[in-house]
Amino acid sequence: MKITRIAAYQVDLPLVEGNYAWSEGKSVTTFDSTVVRVETDSGIVGHGEVCPLGPVYLPAYANGVRTGLAEIGPQLIGQDPTRLAPLNRRMDYLLKGHPYVKSGIDIACWDILGQVAALPVCELLGGRFGEDHVLYRAISQESPEQMAAKVAGYRAEGYRRFQLKVGGQAADDIARIRAVAEVLEPGDKLIADANTGWLPHDALRVVNAVRDVDVYIEQPCATYEECSVIRAKTSLPFVLDEVIDGHDMLVRCIADRAADAVNIKISKFGGLTKAKLARDLAVSQGLVVTIEDSWGGDIVTAAISHLAHSTPTEHLFTSTDFNSYVTTSIAEGAPKRVDGRMKASDQPGLGIQPRMDILGKPVVDIS
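Residues numbered from 1 in each chain as written. Predicted model: local features only at pLDDT ≥ 70, side-chain atom pairs only at ≥ 80, totals over all residues. Heavy atoms only, no water.

- Under the annotation held in an unreviewed UniProt entry, the protein carries the name Mandelate racemase and is attributed to Blastopirellula marina.
- The Cofactor (unreviewed entry) comment attached to the protein in UniProt states, word for word, "Mg(2+)". (UniProt positions renumbered as here; feature names shortened; annotations may be inferred.)

### Here's the deal with the UniProt feature "domain: Mandelate racemase/muconate lactonizing enzyme C-terminal" (unreviewed entry) in the protein
Next up, step 1: Those residues carrying the UniProt feature "domain: Mandelate racemase/muconate lactonizing enzyme C-terminal" (unreviewed entry) are residues 144-237 in this numbering.
Next up, step 2: Secondary structure across residues 144-237 divides into 49% helix and 14% strand, with the first and last C-alpha atoms of the span separated by 22 Å. (Helix = DSSP H or I, 4+ residues; strand = E, 2+ residues; numbered from the N terminus.)

### A closer look at empty space enclosed by the protein
Next up, step 1: One pass over the structure, following the stated rule, counts two cavities of 30 Å³ or more.
Next up, step 2: Roughly 100 Å³ of volume is contained in the largest cavity.
Next up, step 3: Residues that form the lining of the largest cavity fall into these classes: seven nonpolar, four polar and six charged.
Next up, step 4: Summarising the domain contributions, the lining of the largest cavity has at least three residues from each of domain 1 (3-119 + 355-366) and domain 2 (124-353).
Next up, step 5: Taken together, Leu 15, Val 16, Glu 17, Asn 19, Tyr 20, Arg 137, Ala 138, Ser 140 and Tyr 325 make up the full set of residues lining the second largest cavity.
Next up, step 6: A per-class count over the lining of the second largest cavity returns five nonpolar, two polar and two charged.
Next up, step 7: Looking at the lining of the second largest cavity, you find at least three residues from each of domain 1 (3-119 + 355-366) and domain 2 (124-353). (1 Å grid on protein atoms, 1.4 Å probe; cavity = no way out; pocket = protein on both sides within 12 Å on 5 of 7 lines; lining within 4 Å. Points joined across faces, edges and corners; volume = space filled by probe spheres on them. Nonpolar A, V, L, I, M, F, W, Y, C, P; charged D, E, K, R; others polar. Domains from an automatic or database assignment.)

### Concerning the sheet that holds strand 5 (residues 45-50)
Next up, step 1: One open sheet accounts for four strands, arranged 5-4-1-18; its pairing is antiparallel. With partners counted over all chains shown, the strands left at the sheet margins are strand 5 and strand 18 (364-366), one partner each. Pairwise comparison of adjacent strand axes, ignoring direction, gives a mean angle of 15° for this sheet.
Next up, step 2: Taken together, the eleven bridges between strand 1 (residues 3-14) and strand 4 (residues 30-40) define a ladder with antiparallel strand orientation. Residue Arg 5 lies in a different strand from strand 4, and its bridge partner there is Glu 39.
Next up, step 3: Sitting on the sheet, helix 3 (residues 99-117) is in contact with strand 1, strand 4 and strand 5, with an inclination near 150° to strand 5. (Pairing = 2+ DSSP bridges. Axes fitted to C-alpha atoms, helices over the stretch in contact; angles between N-to-C directions. Contact = heavy atoms within 4.5 Å.)

### Comments concerning the pattern of salt bridges
Side chains carrying opposite charge are able to pair once their charged atoms draw close together.
Next up, step 1: Inspection of the entire model under this criterion finds 29 salt bridges.
Next up, step 2: Put simply, Asp 132 and Arg 341 hold a salt bridge, and the shortest N to O gap is 2.8 Å. Taken together, the residues Asp 132 in the loop between helix 4 (121-124) and strand 6 (133-134) and Arg 341 in strand 16 (residues 341-342) connect sequence positions 209 residues apart.
Next up, step 3: On the basis of relative accessibility, which here comes to 30%, the residue Arg 341 falls in the partly exposed class.
Next up, step 4: Each of Arg 5, Arg 37, Glu 39 and Asp 365 takes part in one network of salt bridges that share partners. (Salt bridge = Lys/Arg side-chain N within 4 Å of Asp/Glu carboxyl O. Buried < 20%, exposed > 50% of the residue type's maximum accessible area, 1.4 Å probe, protein only.)

### Comments concerning unusual backbone geometry
Next up, step 1: Unlike most non-glycine residues, His 98 shows phi in positive territory, near 50°.
Next up, step 2: Along the chain, His 98 turns up in the loop between helix 2 (84-94) and helix 3.
Next up, step 3: Overall, His 98 belongs to the partly exposed group, its relative accessible area being 42%.
Next up, step 4: Residues other than glycine seldom take positive phi values, yet Asp 339 does so here, at roughly 50°.
Next up, step 5: Position of Asp 339 relative to the elements: it lies in the loop between strand 15 (331-332) and strand 16.

### A look at the domain arrangement of the protein
Next up, step 1: Parsing the protein into structural domains produces domain 1 (3-119 + 355-366) and domain 2 (124-353).
Next up, step 2: The C-alpha centroid of domain 2 is placed 22 Å from the C-alpha centroid of domain 1.
Next up, step 3: Each side of the interface is counted separately: domain 1 has 44 residues, and domain 2 has 50 residues.
Next up, step 4: Contact between domain 1 and domain 2 buries roughly 3,800 Å² in total, counting both sides, with carbon and sulfur atoms accounting for 61%.
Next up, step 5: Summed over the shared surface of domain 1 and domain 2, the number is three salt bridges.
Next up, step 6: Of the charged contacts, one joins Arg 355 and Glu 332 as a salt bridge, the two residues approaching to 2.8 Å between their closest N and O atoms.
Next up, step 7: Counting every contact that joins domain 1 to domain 2 gives 27 residue pairs in polar contact (both at pLDDT 80 or more).
Next up, step 8: Of all the secondary structure elements, the ones that give two or more residues to the side of domain 1 that touches domain 2 are strand 1, strand 2 (20-21), strand 4, strand 5, helix 2, helix 3 and helix 13 (356-359). (Buried area = accessible area lost by both parts, 1.4 Å probe. Polar contact = N/O pair within 3.5 Å; in protein donor to acceptor, adjacent residues only side chain to side chain.)

Written out as C-alpha cells, the structure reads:
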C-alpha cells in the first residue's frame, strides 16, 4: 500500500462556554484545528487531527501544523502508511523536532491500519480494557464561587474528576481549591492544574495552604527543576504535564520519582505511535496516566479514546472528551460522553467519518 495524497483542512471550533481561561491570563474562544486526510492507492483513507491550544501554551501553533505538512508531505508520497515505525523515522528525518506537525499524519495512518486489519485502533494499541473509560472536566479559571458552581453542574452531568485551572494569584488559587473541595462528594477527584503558572514561592504557599485538602497538584511551575522543588516539599500527589515533552523527559521523571501521574498529550509526542510508547513505559513503572491532547474536536477525541481505552484501567488516571467542549461536530461516529465516561468505537480504524461539508476545501493538498 502507498500514500497517494495528503490533504489538510482548517476548521474553527468555537467553545460551548464561550471562553476558556487558564494560567497567567491566557484564554481562547475558538480553537483553530487542522484535519489531516491521508489517501492510498488501495482506496482506503485515514484521518487525523491536530489542534494546538493557541500559540502561547506549548511550542506549537495552528499555522505551524499546516506549514509543516506542506514541508514534509511531498516526501511521504509513496510511503506505506501501515508501516508506522519506518514512517515515523522518515518524518523525523525530514523535519527535526516539531512533533505536533507529524501527529495528524501518524493518527491518520493508524486509522488506515485499523481499516486494513478490520479492527478498532484500540485493539491494535494493546487491547480494550473494560466497557468504557473515565473522563475529567476542565474548569476554566474564574472566581472561586463560579468555579465551584461549574463543578457542581458538571458533577450532575456525571463527571467525577475535575481539573481546576489555577496558576493565578496564590491567595485566589487557594480560595478556588477550597471552594471546589466543598462541593465534591466521596469518590470524586480534584486536580489543581497551574499549567506552569506559579513561581516556586507561590507554589509553596498554595501547597502548604491546602495540605489538608484531597487534591492533586499538576505542573505548578515552568521547569522540571522548579517542579521538583515543590514535589520535595509537599505530600500531596503530584502530576507533571508540560515538561513531559518526550520519552527522554519521561525516563528522567521515572528515575527521579518526580511525579505520581503524568499527562500524555498525543500531539506533544508526535502521534499515537510515540504516545503509546510513553503510555506503556509509564505504566510499566507504576505511574498512572492522563491520556489527552492539547485540544481538538471529534477526530482528536476518537484518537484519545482509543489510547485511553487500551490503557489498563487501574493505570488510567483520567482522560477527556474535547468534542463536548466545542459547538462544531466535524465527524460522524465520534465517541460521546455518557455519565462522565466514554468508550472507543468498535468499528475498524478510528471509527469516524469526517463531515466534508464542514471541512470544506483543503488548505494543503499534496499528491
